[in-house]
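Breakdown of the fold
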Amino acid sequence: MLAIKKNWEYCRERTHVFRRRVEAHIPLGVGFYPDWWNKHYGISYDRKYYFDPEIRIASRMEMDRRLYERFGDVGLGDPDPQPKPFITFGMVMLPAVFGCEIVFEKDALPWAMPLNLSEERIRQLTVPDLAAAYPMTEILKQIEYLQDKYGRVVGDINTTGVQNLALKLRGDQLYFDYFERPELCHHLLAVCTEAIVQLFRLVYPITGTGAMDVTPMCDPKLFVLPNCTVEQISLATYEKFNLPYDNRVAQACHPLGIHHCGSVNQVLDGYAQVRHLKFLEIGFGSDVRRTREVLGPKVAVNARINPVLMKNGSPDDVSREVRRLIDQGEPLKNFSIDTVGLTCGTPDENVRAALWAATEYGKIIKKEKAKKKKGPVHGVSKKWKDLETVIQSPAREVRIGGPRPLVIIGERINPTGRKKLARTLEENDLKMVQEEALAQVRAGAHILDVNVGVSGIDEPQVLAGAVRAIQAVTDVPLCLDSALPQALEAGLEVYRGKALVNSVNGEEVKLDHILPLVRKYGAAVIGLTMDGRGIPRKAEDRLEIAKKIVKRAEKEGISREDIIIDPLAMALSADYLAALETLKALRLIRKELGVNLTLGLSNISFGLPDRAAVNAAFLQMAVVSGLTCAIMDPTDGVLRQAALLGDLLQGKDENCLCYIAAAGGKPGIPVETAPEAAALTDVEKLQAAVMAGKRREAEALTLKMLERETDPQSIIQEILIPALNKVGERFERRLIFVPEMMVAAKAMQACVDLVRPYLQLAEEQAPLATIVLGTVFGDLHDIGKNLVKLLLESAGVRVVDLGENVPAGRFVEAAREQQARVIGLSSLLTTGDPFVEQTVKAIKDGGLGDQVRVICGGAALTKKFVLETCGADAHARDAADGLKKIKELAGA
């Protein structure tokens, strides 16, 4: 339970100390871990807490009373708490629905055991019916009971994050899949995303909140996505695999908040691309000042204090850390601090020190706003300047607007004027549709418009089939183009991702039928500036229709970012001034509404000779007037070149890379590096392959060396092990992250497996050493331990893995039975401190003598605690440091 002292009225009822101060200081949350409650007051977080609502309500009332008794002088707790009909289920609901075993303990949060599903099982994975799946059925019964008894329900169900859930289903293998089976990752992440969205849509209408089961440090009406494991991956991996799915969640569940464990520094620029982001909770080690700078003042930030500091530091240390965070947190009006995860043994005086520091040092000084004189508006209104429209497939995201290059929407999947395509659609033969899709993608299309409108066909059925057929051969996002609402719904229902709908217009019947579909399926929409009277000749009249469409769409719940207006290009052959009015309409709509803009370019040249030249010239004029995406034929070389040149000359082609690439150059590769790459020796190539995790390339180079009769021992000792050491050094410097390190270790392990048969007496050779590894009792986290295991095995060390939640005596038994030289203890949480100390003592007293050394590592373990308090032989900062020190301890 986390208590927050931030509300002046609340604190005025509890104590007079903060009467004049509380109202104007930053909020500071105090959160105690279950073991604190259990050890001090006997409050249990076992299975009954989550499955019996009356036990949970009574427990929380008891917590409020106990907090008041202990910390009422600093504004925590409530002497007379009232029953709150509260629902919660930790972070394990979706893992449980998918079949994970859930472990409940009286002094810990519930934990889901990974399923470690096979590749085949993952490919078959679909989202269960949540409302009919256990234990969600039990929560729904609780909701019904609470509504009947109390007339309301508060709280919500933690959905967990996309990667969090994927790891529970696939296990650590997910990190290998990022490099070896990316298409499998996208399928799994898409399933996880859909499950999260469904759970949100199931619970949010009942309680109206989406943050309470994750954090109380923000507006509870936000939906907060827990990204607890994202700290383990690089920015590149996040942007490639996680960001598209976080944005799909954001699109369906906004406004959004993100809870991020650990340092946010490496993925902060990725979070800056998450749509509808209003709140970010960051872990200790994060650069708070840069977080504020990157996200801007409108995104609220909550910074967490390290629970190890709260437990082992002095009150002065705690106060100093609170002041440091406040100094970095400007503007303070939407900045907060959180001391979550306080375990048994955390001194009360440290809690008070944190609260006092926030009160005294975190005062918010209100500044009077200077009145500004209204003046003329030039260009795009500042309010709308950064609007971006995002269109997504399961594996790709296209962003339209802002400073980004022109987005090309391929127009060729349209039977109008194309008899062969129309005939194949009549026959329900979608092969030509697939061919057109691939041809346009090769030519540079970013999005594909899909129109199957042929008289006499079942358009809903054919459009749905076309969507499936195209998504089977390409991952480019789609724009579904039909005048029939039934056809659009059929296409949207089967489309995987966030589609663009083409189109709606100013007619009431169109607005009434199309906009609800756009909202229902979380799509974006193109609005045509026409109505029942036709297409207005004047740009000002087209602007009025655009305003009507935007107003109605926003009223329907569609954000302005998801509205693209097409002011309609008319044929010059019918009206020689048509282009001028369309360009004027582009400028007016961009200035007044700020939305993104599109045009069907080919209309402008209808009936004229040399249409490609006319289209190309018009395209560049339209881009200067505000056009951000164009519906055009990407296979038209003249038109494609015009688009490239437009981006180049407007500064939207960074370092001219796209233009150079299209012209046949190789952008991004400095000329001087090519000869160096060609001159690499096989030894250097093998080391580079191992470090990059390119297993097949590394295996081929290893076999090549063995065929040349290279000494197998030297391959391991002089090539592979030094390569892995370099990987460890890069990991320590935060140049790479957990997945990169795991694939590098796996690549090395594959090479070692090839070399072993060539070693003399390989069958009889003893390993370098035997090591016993395990996570201490009370802790079920295992990723760090598993990474150390993989690194050790790759280096030729025999590892006896005892798993998680290991009693002290089991470490002693295993070390004796296996004649181990080193025992490695892993512990992630500060709740594991007593068990680490007990286990080290048991090993030292276990009659193993001086032959067994002990090393401890994990996020919560400090060097001082491990060496001085516990008496272990070494402390590991991380997996790479653990590998190095274990080898030293073992004499390997």
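In case you missed it, the structure is sitting above this.
Conventions adopted
The numbers attached to residues start from 1 for each chain and follow its sequence in the written order. pLDDT decides what is reported in this predicted model: residues at 70 or higher carry local features, side-chain atom pairs at 80 or more are listed and counted, and totals for whole chains, interfaces and linings draw on all residues regardless. Where side-chain values are given, they derive from all heavy atoms of the structure, hydrogens and water being excluded. Two strands qualify as a pair provided DSSP detects at least 2 bridges between them. In this text, helices come from DSSP runs of H or I with a minimum length of four residues, and strands from runs of E with a minimum of two, each type numbered from the N-terminal end. Between N-to-C directions, angles span 0 to 180 degrees; the directions come from axes that are lines fitted to C-alpha atoms, helices contributing only their stretch in contact. The contact rule is simple, with two residues in contact once any of their heavy atoms fall within 4.5 Å. Patch definition: residues above 30% relative accessible area lacking any salt bridge, with like charges linked at up to 9 Å and the nonpolar side chains Val, Leu, Ile, Met, Phe, Trp and Tyr linked at up to 5 Å. Shrake-Rupley sampling with a 1.4 Å probe provides the accessible areas, and residues are treated as covered by the protein chains on show and by no other component. A carboxyl oxygen of Asp or Glu within 4 Å of a side-chain nitrogen of Lys or Arg is what we treat as a salt bridge. Only four residue types enter the tally: Lys and Arg on the positive side, Asp and Glu on the negative side, with His and both chain ends excluded. The atoms used to mark charge sites are NZ of Lys, CZ of Arg, CG of Asp and CD of Glu. The rule is simple: take the accessible area with a 1.4 Å probe, protein chains only, and divide by the maximum for that residue type; under 20% is buried, over 50% is exposed, in between is partly exposed. Between the rings of Phe, Tyr and Trp (Trp by its six-membered ring), a pair exists once the centres lie within 6.5 Å; its type follows the angle of the planes, with under 30 degrees stacked, over 60 edge-to-face, and the other angles tilted. Counted as over-ring charges are cases with an Arg CZ or a Lys NZ within 6 Å of the ring centre that also lie within 35 degrees of the ring normal.

On to the sheet that holds strand β22 (residues 770–775), then. Taken together, five strands build an open sheet; the order of strands is β23-β22-β24-β25-β26 and the sheet is parallel. Unpaired on one side and paired on the other, β23 (798–801) and β26 (874–876) mark the two borders of the sheet. The average angle at which neighbouring strand axes cross in this sheet is 25 degrees, direction not considered. Two strands pair when backbone bridges link them, and strand β25 (residues 853–857) and β26 are joined in this way by three bridges, in the parallel orientation. The residue bridging I855 from the neighbouring strand is A874, located in β26. Against the sheet, helix α35 (residues 863–870) contacts β25 and β26, and its axis sits at roughly 160 degrees relative to β26.

What links the strands of a sheet is backbone hydrogen bonding, and the strands pair in either a parallel or an antiparallel sense. Taken in spatial order, the eight strands line up as β14-β15-β16-β17-β18-β19-β20-β21 and close into a barrel, and their pairing is parallel. The mean angle between the axes of side-by-side strands here comes to 30 degrees, regardless of whether they run parallel or antiparallel.

Right, let's get into a negative patch on the surface. There is a patch of like negative charges on the surface, built from E426, E427, D429 and E435. Relative accessible area serves as the criterion here: at 54%, E427 is assigned to the exposed category.

We now examine the packing of aromatic side chains. Summed over the entire model, instances satisfying the criterion amount to 20 aromatic pairs. Centroid distance F89 to F104: 6.2 Å. Interplanar angle 75 degrees. Geometry classified as edge-to-face. Placement of F89 in the loop between β3 (86–87) and α5 (93–97) and of F104 in strand β4 (residues 102–105) is noted, with a sequence separation of 15 residues between them. F89 gets classed as buried once you look at its relative accessible area, which sits at 1%. Under the relative-accessibility criterion, F104 is labelled buried at 17%. Every member of this aromatic cluster is reached through a ring pair, and the members are Y45, Y49, Y50, F51, F89, F104 and Y134. One Lys or Arg, K746, reaches over the ring of F176 and ends 4.4 Å from the middle of that ring.

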